[in-house]
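Chains, contacts and geometry: an overview
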Amino acid sequence: MITKSHRIDLDMFEGPLDLLLFLIKRDELNIYAIPIAQITSDFLEYVKLARELKLHSAGDFVLMAATLMKIKARMLLPIEADGDEEIEDPRTELMNMLLEYKRYKEAASAFENIEREERPHYYHIPSAWNPQQEDQTAILEDVKLYDIMFTFQYLLKNYEEPVTHAVAVEEVTLTEQVGFIGGLLQANTRLSFSDMLSKFESRLIVVVTFLAILEMLRTRQIKVKQSKLFDDLLISRGGKFGT
Amino acid sequence: MELNELKQIVEALLVATPEPLTDARFKACLGEQNVEVPLQEVINELQSDYESSDRAFIIKKVANGFQLVTRAEFETYVKGLFSKTGKLRLSQAALETLAIVSYRQPVTRNAIEAIRGVSSDSSLRTLLDRKLLEIRGREDGPGRALLYRTSTEFLQYFGLNTVKDLPKLREVEDILSEDQGELV
């Protein structure tokens, strides 16, 4: 039973392992020989609470509860001596997980201390103004794949498929779209991805075109710039354009 | 080259550099000119100038280079220049995730979650958004999971020269012996 004094905010635990470590410390349990029956029932009480509170991470707690019950069941079963083979304690795996987690939890608190020490120092970052920069809007020259993926996800969310009633088989291939972008870049030095997007009739074409952009980026046929995360992608000719 | 002139050059580079000024970058900026004095020595000279003239900034060694930073006592004022997210402290979940990546990099999300025992998707996203982590390729195994690594910004954020400067991860035996001690 959980008495009032034992009632604690589940949100203060980072996860089931954190909660287990807390229970072990609170009840001064031996981590080498965890009393599984006791800890399982304590743990379940907390999980019940978590479910009542509708905590978002309750799923991870339920999974751990199942693991604990499995260990408990295995410990109740008579052990069949199978030759000289040494029988592993069903708790070993859990113990190792707890110890490993504890190492990183400690490291995290060390990080927190360093963060606190470094916090008051502000770096001098030169202003964005730079006369040699050809394009003032493109401050994020070093666009990473991650940025592009998120921009795509964002643009796709805002893309509304025009309502059409005709039934037709759409066929669009990657090669076609690579050729399409290549053609546009022959005529224009710079393309805007969102402008291009607004002309497409279906999500499929949007997706295939995006894949074409990734492909052309990989082969350095094009360059992509972005002024900030989620902002439009500006496409221009790359070093290997037209090869 | 006179030491004074050299000091001015280094100062100019420190003011303009977007990332820590390393020895290599310093040499590249000087081009053909041969300089006998090591960068560290010029930095020391500048540093003592700043200290004796009571400037509001100091030079900090970070990510194996040098950078100008404001002195801690001006935090109250300087922070007003930045948006709230600028120097928001990291959550416990983000710190744990960051700790695992720092010591195990390159590492997959699965490996992180196996250690934390809890989904780490949102903390990974926060850390990527704040550029403390970066994605560096994929694992060779099935699923070709993304691999995460700490970035140069991570070193700057924690004022480190390399990840080797991080405090040592404690050995399991060490934790165990301490815990047993607590029980007595």
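Presented here is a report on the structure given in the accompanying data block. (Residues numbered from 1 in each chain as written. Chains lettered and ligands numbered in written order. Predicted model: local features only at pLDDT ≥ 70, side-chain atom pairs only at ≥ 80, totals over all residues. Heavy atoms only, no water.)

Next up on the list: the overall build of chain A. Counting its regular elements, chain A contains 8 helices and 3 strands. Put simply, chain A runs from its N terminus to its C terminus through helices and strands in the order α-α-α-α-α-α-β-α-α-β-β. Counting across all 243 residues of chain A, residues that qualify as buried make up 42%. The contacts of chain A with a sequence gap of at least 6 include a subset with a gap of at least 24, amounting to 64%. A total of about 15000 Å² of accessible surface is found on chain A, and carbon and sulfur atoms cover 55% of it. (Helix = DSSP H or I, 4+ residues; strand = E, 2+ residues; numbered from the N terminus. Buried < 20%, exposed > 50% of the residue type's maximum accessible area, 1.4 Å probe, protein only. Contact = heavy atoms within 4.5 Å. Areas by Shrake-Rupley, 256 points an atom, 1.4 Å probe, with all protein chains shown as cover.)

Moving on to the pattern of salt bridges. Opposite charge on two side chains lets them pair, provided their charged atoms get close. Inspection of every chain in the model, using the stated rule, returns 22 salt bridges over all chains. Of the charged contacts, one joins B:D23 and B:K27 as a salt bridge, the two residues approaching to 3.1 Å between their closest N and O atoms. A residue pair is termed a helical-turn pair when its members lie 3 or 4 positions apart in one helix, as B:D23 and B:K27 do in helix α2 (residues 23–30) at 4 residues. The partner of B:R109 in a salt bridge is B:D121, with the nearest N and O atoms 3.1 Å apart. Here the residue B:R109 occupies a position in helix α6 (residues 109–116), and B:D121 occupies one in helix α7 (residues 121–129), the gap between them amounting to 12 residues. On the basis of relative accessible area, B:R109 is assigned to the partly exposed category, the value being 35%. Residue B:D121 is classed as partly exposed on the basis of its relative accessible area, which comes to 34%. What emerges from the salt-bridge pattern is a single network uniting A:E14, B:E96 and B:R116. (Salt bridge = Lys/Arg side-chain N within 4 Å of Asp/Glu carboxyl O.)

Residue and element names in this part refer to chain A. Together, L174, V207 and L211 give the surface a local cluster of nonpolar side chains, amounting to about 210 Å² of exposed area. Summarising the element assignment, L211 is placed in helix α8 (residues 203–218). For L211, a relative accessible area of 42% translates into the label partly exposed. (Patch = residues over 30% accessible without salt bridge, like charges linked within 9 Å, V, L, I, M, F, W, Y side chains within 5 Å.)

Each packed pair of helices is defined by two parameters, the angle between the axes and the distance between the axes. Residues and elements named next belong to chain B. Put simply, helix α1 (residues 3–16) and helix α3 (residues 39–52) touch, their axes get as near as 10 Å, and they point 85° apart. Between α1 and α3, the interaxial angle falls into the category roughly perpendicular. Residues L3, L6, K7, V10, E11 and L14 of α1 form the contact with α3, whose participating residues are L39, V42, I43, E45, L46, D49 and Y50. Here the contact of α1 with α3 is built from residues that sort into 9 nonpolar, no polar and 4 charged. (Axes fitted to C-alpha atoms, helices over the stretch in contact; angles between N-to-C directions. Parallel < 35°, antiparallel > 145°, perpendicular 65-115°, else oblique. Nonpolar A, V, L, I, M, F, W, Y, C, P; charged D, E, K, R; others polar.)

A separate point is the nonpolar core. In terms of nonpolar packing, the biggest core is built from 29 residues, with A:F111, B:L90, B:L98, B:F154 and B:F158 touching the most fellow members. Counting residues per element, the ones that place at least two in this core are α4 (92–118) of chain A together with α5 (92–104), α6, α7 and α8 (152–157) of chain B. In terms of residue count, the dominant contributor to this core is α5(B) (6 residues). Among residues more than four places away in sequence, those in contact with B:L90 are A:E115, B:L95, B:L98, B:L127, B:R130, B:L132, B:Y157 and B:F158. (Core = buried A, V, L, I, M, F, W, Y, C linked by side-chain atoms within 4.5 Å.)

Okay, α1(B) next. All names here are of chain B. Under the 1.5 Å per step criterion, the end-to-end length of α1 is 20 Å for 14 residues, consistent within 8% with the ideal 20 Å. For α1, every residue scored as buried is listed here: L6, K7, V10, L13 and L14. Burial along α1 is one-sided: seen end-on, the buried residues are contained in an arc of 125°. Exposed side chains of α1 directed beyond 90 degrees from the buried face belong to N4 and Q8. Contact partners of the buried residues in α1: α2, α3, β1 (57–62) and β2 (65–70). (Expected span 1.5 Å × (residues − 1). Arc of directions from axis to C-beta.)

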